[in-house]
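# Survey of secondary and tertiary structure
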Amino acid sequence: MKNEGLCKLACATVCRVKKLPDCPLLEGLGIEVGTEFCIKQKSPWRGPIVVETKGRRQLAIDYHIASQFEVEEVNGGVLSRK
Amino acid sequence: MAVSCHENKNHVQTEGKKRVLLMGNPNVGKSVIFSTLTKKRVITANYSGTTVTAMKGELVQAKPEAVLIDVPGIYSLKPVSKAEEAAMTMLNEGADVIICVLDATNLERNLQLALELKRKETPVIFLLNMMDVAEKKGIQIDDKKLSSLLQAPVIPTVAVKRKGFNRLIAEINKVISGREHGKQAPLTDAMPPVLIGEEVQTYIEYEESWTDKWERWTIQPKTGLPIAILAVLLALAFVVGAGKAVRSVFFLPLLNNYYIPFMERLAGNWTTEGTALYSVLVGEFGVLIKAVEWPIALILPYVFLFYIVLSFLEDSGYLPRLGILIDGLLRRFGLHGHSIIPISMGYGCAVPAIIGTRAASSLKERLIISALVSLAVPCIAQTGAFIALLGDHSFVLLLAVFLVSFFVMFISGAVLNKFLKGTLDPVLIEVPNLLVPSASALWKKVMMRTKHFMIEAEIPMVFGILFAALTIETGALTHVSFILEPLVVSFLGLPPEASVALILGVVRRELAVLPLLGMDLSLAQMFVGSVVALLYIPCMSVFFVLIKEFRIKWALSISAATIILAFVVGGMANYLIHFFQWMALGGGF
Ligand SMILES: Nc1nc2c(ncn2[C@@H]2O[C@H](COP(=O)(O)OP(=O)(O)OP(=O)(O)O)[C@@H](O)[C@H]2O)c(=O)[nH]1
Ligand SMILES: [Mg+2]
């Protein structure tokens, strides 16, 4: 995977984090290297990207931070529901 | 809320009593638990950052006596905002036991902090809260297994229904009475949160429920934006419409048919009509009449209805979703998506809104929000006054005042963003579950806020009205307002009495509008007067909060800026209206 962050990925893509942007708060929110999540929604006007982690709960990540993620796509997995 | 209940008590004294800390991630239900266990009401809402300072209360059923402390929510032990710093101070002062509240719908993320707390010396009791919501979302948790993995008690609870509280109290008493002290095994090599989560949770496949559908609709742009517009219109229609109805069906007839005649007769017994005393008591600014008419008949219905709407929005968890949706747009105006929360609160009262900014992580953001709320966001009391003044004549003018408010807010936001040092924080928000607010919680919150308005508004109102009555009736006005008069009369095009409104506006925001009611103004004058009142200096309480939260330098600059802007924009409005009138009369040709 190329490093293009989360911003270019389509909604409903499931991915795994390979490299985190430099933002200490992310860890407290449970996003670490190896965390898998599903892209749920992209807010307009370069707004935050909403992702859903395994706990069925969603997290809004700033566009700027989201663009610095390094992720790889994962097929299926625990996250795809319905 | 009352400034007094938000006092920054950095050192909570416990007077030899046991200290019990209530900790956890933001928005997991700590304050609900605190209110229940201490019988002390604190504000709760369905978004993170509701509690911004530690609150202390007697733990009612504790033996020996103990003090429970509601600590602002934190994500980790590294504080990033003022609220989180307050939380760390509490933790560092030590405790006899920590109650760590976990959100059952979000276990992995909550375990992060849980493990950090468990590694401290203090015994920990874990609560697995929101079990009802977890169940609805098809999440099952094995609390026994979790308890053995965490080496500490884990109690499943539903805070809003008080489920699990007996066991909680028993566990607390066990620890603070020393029966169980030191029995908790230290956690040496804990599994990472994700693995613990996998061990104890099972997800059940289930049909998408209505709540799930709404959760999706409110956050996805194509449905979310129309919903947002609809929500704002509905809220407006409800507050304005129902407020007017209550006023005209109930309060005004009561006032005009019974109260005023009664008071006039009463005053007639003491003195005769025409004397100064008579006027001061029941005249144009008669204190016996206006001190009841203004706060109760004109403003109270709106205050009450607005707080119903605000509390509903807060408890449902809709506001943060809207914030996420329009963050990209707000950012261009120097605002963070999450600032939609303090700004909505500001439409009620600026004081809690400004205190609420403690949850923001940068000074720049706190300053921008506080400045905008002080400048361009009318509090509900002032809005009520606008409706009383303009609503009966022209709904378009009322709308125009709000448009001016938005316009000024966005422009000043963009300007402040440009000139204040620092950058805006990135958004990183947990999206709260949408919850159906409980009626009793909603009612208590609305009553608490309405009562607070009555206490906060009535005394300054009486003094303000007395001042107005005395200055106008006795002719002292000319001596008091000689500085303001040229500005008011020639620049703003208002009658000289209007300067009373400006003087009173320093005390409370609605008092900058209400005196205009009895002045026979033209529509243009009403509009100009409203615009000036809107932007004009925030009230006294806001000024003091600004001093307390920031430095006096900022409080003074914000207030000075609001006064200058009020006159500039008001004057511009006056000249523009005259210009258009002149054009319309064909004066240009
Ligand atoms: N359905 C349900 N709702 C709950 C439960 N516990 C709390 N809530 C709701 O969750 C929301 C958050 O509760 P608060 O007590 O304000 O949360 P807090 O932990 O104090 O949050 P901060 O002050 O931001 O750290 C409120 O709207 C509560 O009504 C529960 O067990 N079940
Ligand atoms: Mg709280």
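Cut-off values and rules
Residues numbered from 1 in each chain as written. Chains lettered and ligands numbered in written order. Predicted model: local features only at pLDDT ≥ 70, side-chain atom pairs only at ≥ 80, totals over all residues. Heavy atoms only, no water. Near = heavy atom within 4 Å. Polar contact = N/O pair within 3.5 Å; in protein donor to acceptor, adjacent residues only side chain to side chain. Helix = DSSP H or I, 4+ residues; strand = E, 2+ residues; numbered from the N terminus. Contact = heavy atoms within 4.5 Å. pLDDT = per-residue confidence, 0-100. Domains from an automatic or database assignment. Buried area = accessible area lost by both parts, 1.4 Å probe. Salt bridge = Lys/Arg side-chain N within 4 Å of Asp/Glu carboxyl O. Donors = N, O, S within 2.8 Å, 3.2 Å for Na, K, Ca; no water. Buried < 20%, exposed > 50% of the residue type's maximum accessible area, 1.4 Å probe, protein only. Patch = residues over 30% accessible without salt bridge, like charges linked within 9 Å, V, L, I, M, F, W, Y side chains within 5 Å. Areas by Shrake-Rupley, 256 points an atom, 1.4 Å probe, with all protein chains shown as cover. Nonpolar A, V, L, I, M, F, W, Y, C, P; charged D, E, K, R; others polar. Pairing = 2+ DSSP bridges. Axes fitted to C-alpha atoms, helices over the stretch in contact; angles between N-to-C directions. Left-handed = near helix turned anticlockwise from the far one by under 90°.

### Thoughts on the site of ligand 1
Residue and element names in this part refer to chain B. Surveying the vicinity of ligand 1 reveals 24 residues, the closest of which are Lys-30, Ser-31, Gly-49, Thr-51 and Asp-132. Taking Ser-31, its side chain carries an N or O atom lying 2.8 Å from an oxygen atom of ligand 1. Note that an oxygen atom of ligand 1 is positioned 2.9 Å from one of the backbone N or O atoms of Val-32. Elements represented by at least two residues in the shell around ligand 1 include exactly helix H1 (30-38) and helix H4 (131-136).

### Describing the environment of Ile-537 of chain B
Topologically, Ile-537 of chain B is positioned in the loop between helix H22 (523-535) and helix H23 (540-549). Beyond its immediate stretch of four places on either side in the chain, Ile-537 of chain B contacts Gly-505, Val-506, Ser-559, Thr-562 and Ile-563 of chain B.

### Observations concerning the confidence of the model for chain B
Overall, the prediction assigns chain B a mean pLDDT of 85, with 94% of residues at 70 or greater. Confidence drops under a pLDDT of 50 for residues 1-13 of chain B, and excluding neighbours within four residues, the segment shows 30 contacts in the predicted structure.

### Here's the deal with the domain arrangement of chain B
Residues and elements named next belong to chain B. As far as domains go, chain B holds domain 1 (18-203) and domain 2 (219-584). Summarising the inter-unit geometry, the C-alpha centres of domain 1 and domain 2 are found 39 Å apart. Taken together, the 22 residues of domain 1 in the interface contact 23 residues of domain 2. Considering only the surface of domain 1 that becomes buried against domain 2, Arg-41, Asn-46 and Tyr-47 emerge as the three largest contributors, covering 34% of it. Between domain 1 and domain 2 we count 1 salt bridge in total. One salt bridge in this structure joins Glu-430 and Arg-109, with 2.9 Å as the shortest N-O distance. Counting across the domain 1 and domain 2 interface gives 13 residue pairs in polar contact (both at pLDDT 80 or more).

### Notes on the coordination of the magnesium ion (ligand 2)
All names here are of chain B. Of the protein atoms, only Ser-31 (OG) and Thr-51 (OG1) coordinate the magnesium ion (ligand 2), at distances of 1.9 to 2.0 Å. On the criterion of sequence distance, the pair formed by Ser-31 in helix H1 and Thr-51 in the loop between H1 and strand E2 (55-58) is long-range, its members being 20 residues apart. Its relative accessible area of 8% is what places Ser-31 among the buried residues.

### Details of a nonpolar patch on the surface
All names here are of chain B. Together, Val-246, Val-249, Phe-250, Leu-254 and Tyr-258 make up an exposed nonpolar region whose accessible area comes to about 520 Å². When you line up the elements, Val-246 lands in helix H9 (residues 221-270). Using a relative accessible area of 34% as the deciding quantity, one classes Val-246 as partly exposed.

### Some remarks on the interface of chain A and chain B
Counting from both sides, the interface comprises 30 residues of chain A and, opposite them, 37 residues of chain B. One can count 1 salt bridge joining chain A with chain B. One salt bridge connects Asp-62 of chain A with Arg-331 of chain B, and the closest N-O pair in it is separated by 3.5 Å. Where chain A touches chain B, the interface holds 8 residue pairs in polar contact (both at pLDDT 80 or more). If you list the elements that add at least two residues to the side of chain A that touches chain B, you get helix H1 (25-28), strand E2 (36-42) and strand E4 (58-61) of chain A. Of the residues belonging to the side of chain A that touches chain B, the class tally is 12 nonpolar, 8 polar and 10 charged. As judged from the 4 bridges shared by E4 of chain A and strand E9 (residues 428-431) of chain B, these two strands associate in the antiparallel manner. Paired with Ile-61 of chain A across the strands is Leu-428 of chain B, a residue of E9 of chain B.

### Structural notes on the packing of H23 of chain B against helix H24 (residues 552-584) of chain B
In a pair of packed helices, the angle between the axes and the distance between the axes together describe the arrangement. Residues and elements named next belong to chain B. Two numbers describe how H23 lies on H24: the axes approach to 7 Å, and their chain directions differ by 145°. Seen along the crossing, H23 lies across H24 with a hand that is right-handed. Along its contact with H23, which presents Phe-543, Leu-546 and Ile-547, the element H24 presents Ile-552, Ala-555, Leu-556, Ile-558 and Ser-559. Along the lines of polarity and charge, the residues of the contact of H23 with H24 split into 7 nonpolar, 1 polar and no charged.

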